[in-house]
Amino acid sequence: MVRAGLTAERITTAAADLADEVGFENVTLSAVARRFGVRDASLYSHVRSLQDLRTRMAFLAGGELIDRIASAVAGRAGKDALAAFAGAYREFALERPGRYAATQIRIDQSLVADSPELRRTAEITYGMLRAYGLEEPDLTDAVRLLRSTFHGYCALEASGGFGASRDVRRSWDKAVDALHIALEHWPREGTHDDD
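A brief report on the enclosed structure follows.

**Some thoughts on the side chain of arginine 90**
Tracing the sequence through the fold places arginine 90 in helix H5 (residues 78-95). For arginine 90, a relative accessible area of 10% puts it in the buried group. In this view, arginine 90 contacts Cys154, Glu157, Val168, Arg169 and Trp172; residues no more than four positions away in its chain are not counted.

**Section: the packing of aromatic side chains**
Counted under the stated rule, the structure contains 6 aromatic pairs. On the basis of an interplanar angle of 40° and a centroid distance of 5.6 Å, the ring pair of phenylalanine 150 and tryptophan 172 is categorised as tilted. Remark: tryptophan 172 occurs in helix H10 (residues 168-184) and phenylalanine 150 occurs in helix H9 (residues 138-158); sequence separation between them is 22 residues. Here phenylalanine 150 and tryptophan 172 have matching classes, each one buried. With a centroid separation of 4.7 Å and an interplanar angle of 45°, the aromatic rings of tyrosine 153 and phenylalanine 162 are classed as tilted. A relative accessible area of 11% places tyrosine 153 in the buried class. Overall, the relative accessible area of 33% leaves phenylalanine 162 in the partly exposed class. Of the aromatic side chains, those joined through ring pairs into one cluster are Phe85, Tyr89, Tyr100, Phe150, Tyr153, Phe162 and Trp172. The side chain of arginine 54 reaches across the aromatic face of phenylalanine 24, ending 5.2 Å from its centre.

**Notes on H9**
Compared with the 30 Å implied by 1.5 Å per residue over 21 residues, the 30 Å span of H9 between its first and last C-alpha is a close match. Every buried residue of H9 is listed here: Asp138, Leu139, Ala142, Val143, Leu146, Phe150, Tyr153, Cys154 and Glu157. Each buried residue of H9 lies within a common arc of 140° when the element is viewed along its axis, so the set occupies one face. On the buried face of H9, the contacting elements are H5, helix H8 (116-130) and H10.

**Quick word on the nonpolar core**
With 53 residues, the main nonpolar core has Val32, Leu43, Ile69, Leu82, Leu129, Phe150 and Leu183 as its most contacted residues. Residue assignment for this core shows that the elements contributing at least two residues are helix H1 (8-22), helix H2 (29-36), helix H4 (50-73), H5, helix H6 (97-102), H8, H9 and H10. Other than its neighbours up to four places away in sequence, leucine 129 contacts Leu134, Leu139, Ala142, Val143, Leu146 and Leu183.

**Details of the pattern of salt bridges**
Tallying each qualifying case throughout the model produces 13 salt bridges. A salt bridge links aspartate 20 to arginine 99; the shortest N-O distance between them is 2.6 Å. Taken together, the residues aspartate 20 in helix H1 and arginine 99 in helix H6 connect sequence positions 79 residues apart. Grouping residues by exposure puts aspartate 20 and arginine 99 together as buried.

**Digging into unusual backbone geometry**
Across residues other than glycine, the phi torsion is negative in most instances, and most of the peptide bonds are trans. A cis amide bond links glutamate 136 to the next residue, proline 137, at an omega of 0°. Mapped onto the elements of the fold, proline 137 is located in the loop between H8 and H9.

**Some remarks on the layout of surface pockets**
As a volume, the largest pocket reaches approximately 970 Å³. Forming the boundary of the largest pocket are 29 residues, of which Thr103, Leu118, Thr121, Val143 and Arg147 lie nearest the centre. Going through the elements one at a time, H4, H5, helix H7 (109-112), H8 and H9 are the ones with two or more residues in the lining of the largest pocket. Grouping the constituent residues of the lining of the largest pocket by class yields 18 nonpolar, 7 polar and 4 charged.

**Quick word on the packing of H8 against H9**
Following both chains from N to C, one finds H8 and H9 inclined at 110°, their axes separated by 10 Å at the closest point. With respect to H9, the element H8 is oriented roughly perpendicular. When H8 is examined against H9, the residues Thr125, Tyr126, Met128, Leu129 and Arg130 are found in contact with a partner set consisting of Leu139, Thr140, Ala142, Val143 and Leu146. Looking at the contact of H8 with H9 residue by residue, the classes come out as 7 nonpolar, 2 polar and 1 charged.

What counts as what
- Here, residues in each chain are numbered from 1, in the same order as that chain's written sequence.
- Side-chain atom pairs in this predicted model are given and counted only at pLDDT of 80 or more, local residue features only at pLDDT of at least 70, and totals for whole chains, interfaces and linings cover all residues.
- With hydrogens and water excluded, all non-hydrogen atoms of the structure serve as input to the side-chain values.
- Counting from the N terminus, the helices are the DSSP runs of H or I reaching at least four residues and the strands are the DSSP runs of E reaching at least two.
- Each residue gets one of three labels from its accessible area relative to the maximum for its type: buried under 20%, exposed over 50%, partly exposed in between, using a 1.4 Å probe on protein chains only.
- In what follows, residue pairs with any heavy atoms lying within 4.5 Å of each other are defined as contacts.
- Geometry of aromatic contacts follows a simple scheme: Phe, Tyr and Trp rings, the Trp one being its six-membered ring, pair when their centres are within 6.5 Å, and the pair is stacked under 30 degrees between planes, edge-to-face over 60, tilted otherwise.
- A ring has a charge above it when a Lys NZ or an Arg CZ is no more than 6 Å from the ring centre and no more than 35 degrees off the ring normal.
- By this rule the span expected of a helix is its residue count minus one, scaled by 1.5 Å.
- This arc is taken over the directions from the axis of the helix to the C-beta atoms.
- By nonpolar core we mean a set of buried residues, namely Ala, Val, Leu, Ile, Met, Phe, Trp, Tyr and Cys, connected to one another through side-chain atoms within 4.5 Å.
- Criterion for a salt bridge: a side-chain nitrogen of Lys or Arg within 4 Å of a carboxyl oxygen of Asp or Glu.
- Residues are called lining when one of their atoms sits within 4 Å of a cavity or pocket point, these points coming from a 1 Å grid over the protein atoms alone, where a cavity is a set in which a 1.4 Å probe fits but cannot get out and a pocket is an open set with protein on both sides within 12 Å along at least five of seven lines.
- Grid points are joined across faces, edges and corners, and a volume is the space filled by probe spheres set on the points.
- All amino acids are sorted into three groups, where Ala, Val, Leu, Ile, Met, Phe, Trp, Tyr, Cys and Pro are nonpolar, Asp, Glu, Lys and Arg are charged, and the leftover types, Gly among them, are polar.
- To get an axis, a line is fitted to the C-alpha atoms, and for a helix only the part in contact is used. The angle between two axes follows their N-to-C directions and goes from 0 to 180 degrees.
- The cut-offs work like this: below 35 degrees is roughly parallel, past 145 is roughly antiparallel, 65 to 115 is roughly perpendicular, and the gaps in between are oblique.

Written out as structure tokens, the structure is:
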């Protein structure tokens, strides 16, 4: 019999907490079961597999990340919104490394359309970028630029990859300033000469 109180939500939260402690890749069903004092089999009444648990962790973490970003950017626009978005992203990545890693996994596209977390993330991110006058396909390109810049910086910072004496926060602020300038002067689709 499954221990009373065991739910998919509690299992997912426990797995996310464990990921923050030991790393996303080190989360196993056995390790999560030990947290609850149950056998691995008890979890299968609530999650189908480790991949299912990882997907649930991605949605949980994605929701937490976008909640933090939404709170930071509320009432802001342009450079202020970009800096607030970037700051909330970086703080989450550094404070919640396991959860952050969960947000980077590839999710089955059939599940993406039903995810309120991913829809909200798109709405807030695209809304911020529309303030720069961007429309598709430039919006997608700009989202990819921001995501790759933020992720790359956070991954390098978390691993101690910046060895120079310059304060990493100051470099981060400069990177955000540079992104703002790039967004203001975006090379919009269809405006290039093909000569």
